[in-house]
Amino acid sequence: MAKASRGDMSRWAEVPDSWQEELSDETLQGCAGKTIFARGVEYFEQGQVTLARDGGGNATFTVEGTQTYSTELYFEDVGLHVDCTCPHAQDDHFCKHMVAAALLWRRHLGGEVAAPARKAKTATAEKAAQTKARKRDELQAFVQEQSAAALAERLWAWAERDRE
């Protein structure tokens, strides 16, 4: 990661030491693990994260992945708290979207140089689009192999569970 320029260092120096520690590469990698941290860095470097709102000790971000996810980071009591709408985070894991958001927030607070340029379509996004298309094709082939009676039975079961 690039360090802050001399002009930004004065802003970064005003950030509480505990925040600087919580937003450090070492701490983020410790929370996320090497692989997830590296993917979060990739999202950050590819410009896939946007600061939606900065409320001082809390901030909200949007992160473009296979879908658009909302990520929130905030400082409370003695540490950094994180939340993300992605499935990985719903299982109480520290996700790549959280890493990307933390890196952007650190830069915004003065701890790094300007945001990287957004690429038109990333390799990750392209791979995700290919996977989504392949799964759609596989599902379509599976459905077409089913009998009309089996499909009608399954549809009726779903309808009975649907409260609307």
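What you are looking at is a predicted structure, and each value in this text was computed from that prediction instead of being measured.

Caption draft 1: Local environment of the overall build of the protein chain. Of the regular secondary structure elements, the protein chain holds eight helices and four strands. Secondary structure elements of the protein chain occur, N-terminal to C-terminal, as α-α-α-α-β-β-β-β-α-α-α-α. Intrachain contacts of the protein chain at a sequence separation of at least 6 include 58% that bridge at least 24 residues. Here the protein chain displays about 10500 Å² of accessible surface, and carbon together with sulfur accounts for 51% of that area.

Caption draft 2: Representation of unusual backbone geometry. Positioned with a positive phi, aspartate 92 is a non-glycine residue whose angle comes to about 65 degrees. By the element assignment, aspartate 92 lies in the loop between α5 (87-90) and α6 (96-111). The exposure class assigned to aspartate 92 is exposed, which follows from its relative accessible area of 74%.

Caption draft 3: Structural detail: the pattern of salt bridges. Under the criterion given, the structure shown has three salt bridges. Arginine 134 is the partner of glutamate 138 in a salt bridge, and the nearest nitrogen-oxygen pair spans 3.1 Å. Pair noted here: glutamate 138 and arginine 134 are both in helix α7 (residues 123-145), with a separation of four residues, about one helical turn. Using a relative accessible area of 45% as the deciding quantity, one classes glutamate 138 as partly exposed. A relative accessible area of 42% means that arginine 134 is categorised as partly exposed.

Analysis parameters
Residues numbered from 1 in each chain as written. Predicted model: local features only at pLDDT ≥ 70, side-chain atom pairs only at ≥ 80, totals over all residues. Heavy atoms only, no water. Helix = DSSP H or I, 4+ residues; strand = E, 2+ residues; numbered from the N terminus. Contact = heavy atoms within 4.5 Å. Areas by Shrake-Rupley, 256 points an atom, 1.4 Å probe, with all protein chains shown as cover. Buried < 20%, exposed > 50% of the residue type's maximum accessible area, 1.4 Å probe, protein only. Salt bridge = Lys/Arg side-chain N within 4 Å of Asp/Glu carboxyl O.

By themselves these figures say nothing about function.
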